[in-house]
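Residues per chain are reported as follows:
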Amino acid sequence: MDTRTSDAMPPKFSKVALTFDDVSLIPGESDVLPDEVDTSTWLTRNIRLNIPVSSAAMDTVTEAELAIAIAREGGIGFIHYNCAGEEQVSEVDKVKRSESGMIVDPITLTPDKKVHDALNLTARYRIGGIPIVTKDGHLVGMITNRDLKYEEDPDLPVTELMTPSEQLVTASPGITLEKAKQILHQIRKEKLPIVDEKFRLCGLITIKDIDKVQKYPLACKDESGRLRVGAAISPSWGLDRVAMLVEADVDVLAIDTAHGHHQRVISATGRIKSEFPHVELIAGNVTTAEATRQLIDAGADAVKVGMGPGS
C-alpha cells in the first residue's frame, strides 16, 4: 500500500487512510472470557448504552419498529425527520409506550367514548386493553381486545363492554414486578391496574412488559423503565417541533446535518440548550477538534464525528 502524500496536504488530515479490506486483527493472549466483556458505553454525558450501536436517522432505516428492536438489545435508534412533526412525535411515542416495568402514563379512555375510539387506540398503539377513567383520573373499568373482538356496533359506549372496576383486581403503587407477576398468574389476567387510596389510576403493569424485562435484560431504558429513543432534528427549524419531541419524552435529540461545523448548527445548539436545558443534545457531523470544541462550548452533550477514508 502506497502511503505517500503531498507535502501540501493540510495538517488536519491524516497521512494514512485505511478501510476494512486493509486491516486484519491478529488475536493475542487474553485472560478475559466472552461473558466477562462489558460492551456498554456513554452516548452522551447522561445516557449509557449497553451495546455501542445506534441506528441512522434515515427515512429508509429508523422508525419505531427498528428503534424498539435496537433499544431492546441495548442500543438506541434515532427517528428520522423526513415527515410531518406529528408523525415523528408519534413514532417517538410508540417507542416510549412500547414497554415498561410499569406504564406510568397509560393510554386511557373516558366513559363517554365509543367502541370505535377503543378500536382506533388499540390498533394505533398495538395494545390489548385500555383503562376507562373519569376526567379526574378515577378508574371505572377496563376494556380489552377480547371485549371488542366480536362487537359489531362501533357506536356502542365502552361502558357497555368494559369490566367494571368493582370486578377488577388492582394493586397499590410500589408493588414489585415479581409480586405483580404472581398476582397476574393467580387471576389469569394480563393487566394489573395500579391505583392510589382514592382509586385514581397511577399506572398499569402488564404481563407482556414483565416478560420483556426478563427476555431483554440489556435493554436500554430510562429511569421509568421505558425504552430509550432519539430523534433527528434540523438546524433550520424553529423550536416548536423540538418542543413537541421534548413533550413526547424523547431521550436525546441529534442535529442531523452533513457539515456540523457551520454557524447555523452552532447557533441551533445554543438555542435548544438554552430553551430546553435538560434535553440531551448531539450535534454533528464534524471531523476536526476545532469543530468539536465549538459545539461543546455551545452546549452540545455529545458530538457526532463522521469521517471516511474515501474511495
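Residues numbered from 1 in each chain as written. Predicted model: local features only at pLDDT ≥ 70, side-chain atom pairs only at ≥ 80, totals over all residues. Heavy atoms only, no water.

### Here we look at helix 8 (residues 263–275)
Step number 1: Compared with the 18 Å implied by 1.5 Å per residue over 13 residues, the 18 Å span of helix 8 between its first and last C-alpha is a close match.
Step number 2: Inspection of helix 8 places Val265, Ile266, Ala268, Thr269, Ile272 and Lys273 among the buried residues, and these make up the whole buried set. The buried residues of helix 8 occupy one face: seen down the axis, they fall within an arc of 165°. The exposed set on the far side of helix 8, more than 90 degrees from its buried face, consists of Gln263 and Ser274.
Step number 3: Tucked into the core, helix 8 has its buried residues touching strand 10 (230–233), helix 7 (240–247), strand 11 (252–255), strand 12 (280–286) and helix 9 (289–298). (Helix = DSSP H or I, 4+ residues; strand = E, 2+ residues; numbered from the N terminus. Expected span 1.5 Å × (residues − 1). Buried < 20%, exposed > 50% of the residue type's maximum accessible area, 1.4 Å probe, protein only. Arc of directions from axis to C-beta. Contact = heavy atoms within 4.5 Å.)

### Brief notes about the pattern of salt bridges
Step number 1: For the structure on display, the rule yields 12 salt bridges.
Step number 2: Lysine 96 is the partner of aspartate 222 in a salt bridge, and the nearest nitrogen-oxygen pair spans 2.9 Å. Residue aspartate 222 is found in the loop between helix 6 (207–215) and strand 10, and its partner lysine 96 is found in helix 2 (residues 85–98); the two are separated by 126 residues along the sequence.
Step number 3: Judged by relative accessible area, aspartate 222 falls into the buried class, the value being 9%.
Step number 4: A salt bridge links aspartate 251 to lysine 96; its shortest N-O distance comes to 2.8 Å. A residue pair is termed long-range when its members are at least 10 positions apart, and aspartate 251 in the loop between helix 7 and strand 11 and lysine 96 in helix 2 qualify at 155 residues. An identical accessibility class is assigned to aspartate 251 and lysine 96; each is buried.
Step number 5: The network of salt bridges with common partners includes Lys96, Asp222, Glu223, Arg226, Arg228, Asp249 and Asp251. (Salt bridge = Lys/Arg side-chain N within 4 Å of Asp/Glu carboxyl O.)

### Brief notes about the nonpolar core
Step number 1: In this structure, Val92, Ile233, Leu245, Leu253, Ile272 and Leu295 are the most contacted members of the largest nonpolar core, which totals 35 residues.
Step number 2: Contacts of leucine 295, omitting those with residues within four sequence positions, involve Gly260, Val265, Ile266, Thr269, Ala283, Gly284, Val286, Ala300 and Val303.
Step number 3: Counting 14 residues, the second largest nonpolar core, distinct from the first, contains Ala118, Leu148, Leu156 and Met162. (Core = buried A, V, L, I, M, F, W, Y, C linked by side-chain atoms within 4.5 Å.)

### Quick notes on the packing of helix 2 against helix 7
Step number 1: Here helix 2 crosses helix 7 at 20°, and the two axes come no closer than 9 Å. By the angle between their directions, the pair helix 2 and helix 7 is classed as roughly parallel. In the crossing of helix 2 with helix 7, the sense of the turn from one axis to the other is right-handed. Every residue of helix 7 that contacts helix 2 at Gly85, Glu86, Gln88, Val89 and Val92 is listed here: Arg241, Met244 and Leu245. (Axes fitted to C-alpha atoms, helices over the stretch in contact; angles between N-to-C directions. Parallel < 35°, antiparallel > 145°, perpendicular 65-115°, else oblique. Left-handed = near helix turned anticlockwise from the far one by under 90°.)

### What about the environment of glutamate 36?
Step number 1: One can find glutamate 36 in the segment before strand 1 (41–42).
Step number 2: Under the relative-accessibility criterion, glutamate 36 is labelled partly exposed at 49%.
Step number 3: Residues glutamate 36 and arginine 271, spaced 235 residues apart in sequence, show a C-alpha to C-alpha distance of 43 Å.

### Quick word on the environment of arginine 124
Step number 1: When you line up the elements, arginine 124 lands in helix 3 (residues 115–125).
Step number 2: Each C-alpha atom of the pair arginine 124 and alanine 219 lies 23 Å from the other, and the pair is 95 residues apart in sequence.

### Details of the side chain of threonine 122
Step number 1: Here threonine 122 lies in helix 3.
Step number 2: Threonine 122 sits in the buried class, given a relative accessible area of 9%.
Step number 3: Within the structure, threonine 122 has its side chain in polar contact with the backbone oxygen of leucine 119 (distance 3.0 Å).
Step number 4: Once you skip the residues sitting within four places of it in the chain, threonine 122 turns out to touch Ile127, Ile130, Asn145 and Leu148. (Polar contact = N/O pair within 3.5 Å; in protein donor to acceptor, adjacent residues only side chain to side chain.)

Any functional reading would require information that these geometric values do not contain.
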